[in-house]
Amino acid sequence: MNKTLNEYIERVRSKDPTPGGGSVSALGGALASSLTIMVSALSKTKKIYKENLDDDTKKIYDDDLEKLIKISDRLIELVELDCEAYNIVAEAFKIPKDDDKRDEKIQAGLKYAADIPFETCKCILDSMRILNFYITKTIKGAITDLGTACAFLHSSYYGAELNVKINLESIADEDYIKSKLDELKLMEKEMHDYEVNIFNVVKETMKY
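The structure presented is a predicted model; accordingly, all values stated were derived computationally and were not measured. (Residues numbered from 1 in each chain as written. Predicted model: local features only at pLDDT ≥ 70, side-chain atom pairs only at ≥ 80, totals over all residues. Heavy atoms only, no water.)

### What to know about the overall build of the protein
The helix and strand tally for the protein stands at seven helices and zero strands. Traced from its N-terminal end to its C-terminal end, the protein shows the element sequence α-α-α-α-α-α-α. The principal-axis extent of the C-alpha atoms belonging to the protein is close to 70 × 40 × 35 Å. Here the protein holds 208 residues, and the buried ones make up 44% of them. Taking as baseline every contact in the protein between residues at least 6 positions apart, the subset at least 24 positions apart corresponds to 79%. In the form shown here, the protein has an accessible surface area of approximately 11600 Å², with 54% of it arising from carbon and sulfur atoms. Placing the 30 positive and 38 negative side-chain charges of the protein at their respective mean positions leaves the two points 5 Å apart. (Helix = DSSP H or I, 4+ residues; strand = E, 2+ residues; numbered from the N terminus. Buried < 20%, exposed > 50% of the residue type's maximum accessible area, 1.4 Å probe, protein only. Contact = heavy atoms within 4.5 Å. Areas by Shrake-Rupley, 256 points an atom, 1.4 Å probe, with all protein chains shown as cover. Lys, Arg positive; Asp, Glu negative; His and termini not counted. Charge placed at Lys NZ, Arg CZ, Asp CG, Glu CD.)

### So, the pattern of salt bridges
All chains considered together, the criterion is met by 16 salt bridges. Where arginine 74 meets glutamate 77, a salt bridge forms, and the shortest distance between an N and an O atom there is 2.7 Å. In this pair, arginine 74 and glutamate 77 both sit in helix α4 (residues 55–93), three residues apart, roughly one turn of the helix. Sharing partners across several salt bridges, the network here consists of Arg74, Glu77 and Glu119. (Salt bridge = Lys/Arg side-chain N within 4 Å of Asp/Glu carboxyl O.)

### Concerning the packing of helix α2 (residues 21–43) against α4
The interhelical angle for the contact between α2 and α4, taken along N-to-C directions, is 160°, at an axis separation of 8 Å. Classified by the angle between their axes, α2 and α4 sit roughly antiparallel to one another. Judged by the sense of rotation from one axis to the other, the crossing of α2 with α4 is left-handed. Partitioned by chemical class, the residues of the contact of α2 with α4 number 15 nonpolar, nine polar and one charged. (Axes fitted to C-alpha atoms, helices over the stretch in contact; angles between N-to-C directions. Parallel < 35°, antiparallel > 145°, perpendicular 65-115°, else oblique. Left-handed = near helix turned anticlockwise from the far one by under 90°. Nonpolar A, V, L, I, M, F, W, Y, C, P; charged D, E, K, R; others polar.)

### Regarding the packing of aromatic side chains
Using the criterion set out here, one finds four aromatic pairs in the structure. Measuring from ring centre to ring centre gives 5.7 Å for phenylalanine 133 and tyrosine 134, while their planes differ by 55°; the resulting arrangement is tilted. Put simply, the rings of Tyr49, Tyr61, Phe133 and Tyr134 touch in pairs and so form one group of aromatic residues. It is lysine 137 that lies over the ring of phenylalanine 133; its NZ or CZ is 4.2 Å from the centre. (Phe/Tyr/Trp six-rings, centres within 6.5 Å; stacked < 30°, edge-to-face > 60°. Lys NZ or Arg CZ within 6 Å of the ring centre and 35° of its normal.)

### Looking at the nonpolar core
Counting residues in hydrophobic clusters, the biggest one holds 58 residues, and the most contacted among them are Met128, Leu131 and Ile198. Contributions of two or more residues to this core are made by α2, α3 (47–50), α4, α5 (102–134), α6 (143–168) and α7 (174–205). Aside from chain neighbours lying at most four places away, what touches leucine 131 is Thr36, Leu146, Ala149, Cys150, Leu153 and Ile198. (Core = buried A, V, L, I, M, F, W, Y, C linked by side-chain atoms within 4.5 Å.)

### Some details on the side chain of serine 33
Its location among the elements puts serine 33 in helix α2. Judged by its relative accessible area of 0%, serine 33 falls in the buried class. Polar side-chain contacts of serine 33 include one of 2.8 Å to the backbone oxygen of glycine 29. (Polar contact = N/O pair within 3.5 Å; in protein donor to acceptor, adjacent residues only side chain to side chain.)

### Some thoughts on the environment of arginine 74
For arginine 74, a relative accessible area of 27% corresponds to the partly exposed category. As for arginine 74 and alanine 30, which are separated by 44 residues in sequence, their C-alpha atoms are 8.1 Å apart. Dropping the residues within four chain positions of it, arginine 74 is found in contact with Leu81, Glu119 and Cys123. A polar contact of 2.7 Å, which involves the side chain of arginine 74, links it to the side chain of glutamate 119.

### Structural notes on α7
Here α7 contains 32 residues, and its C-alpha end-to-end distance of 46 Å stays within 8% of the 46 Å for a straight helix at 1.5 Å per residue. Within the span of α7, buried status applies to Tyr176, Ile177, Lys180, Leu184, Met187, Met191, Tyr194, Glu195, Ile198, Val201 and Val202. In the core, the buried residues of α7 are packed alongside α5 and α6. Structurally, the start of α7 carries an N-cap: the backbone nitrogen of aspartate 175 is 3.1 Å from a side-chain oxygen of aspartate 173. (Expected span 1.5 Å × (residues − 1).)

In C-alpha cells form, the structure reads like this:
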C-alpha cells in the first residue's frame, strides 16, 4: 500500500466501492500485528525477556517476532489486493453476455475475490496465535496495547470472513464453497479460544 493514511481514509470515504470491508479488515489486521510487534520488541529489552525466559522460550519468542513482521507485511499487501480482486470481478461482469468465456471469467474472479479475504483471515489467525504466546511474556505496562491488538484482530477477522462469505454466495462450485466454509468454521473456533484466553489475561493483569 503506497498511500498515506489520510489518502487511504479519503478513498474509503468516497463513493467508490473500493477500498471496502475486505481491504479495511486487512489494514486492521496489519495494525494489530504491528502493535503486537512493538510490544514484543520493547519487552525484549526488559527483565521479563532477559531474565524470566529460558533459552528455548526465547528462541520461540524471537522466531515468532520475525513471523509476525512477515504477517504484517503480507496484510499490508492484502489491503490493495482486496481492491484489485473487486475490480477483477467488476470487469468480468462487463464482458458481453454472448461471450462464451463470460461465466467462466466471472466464476474465476469470484473465487479470487473470496481467496483474498480468506488469506486475510488466515494471516489474522496466525497473528492471534502469536499474540496468545506473547500475552504472558511481555511487560505489564503494555498489556492494554495487546488487548487493543486482540480487539482489532477480532473485528478484522470477522470483517474478512464476511467478505469471503458474500463472494461464496455467487460461486457455483459446491466443493469449493464447502471447503472454504469448513475451514472458516475451524478457524473461527480457534480465534474464539485465543480471544477468550487473551482477554482473561488482560483483565487479570489490570486493576479495574
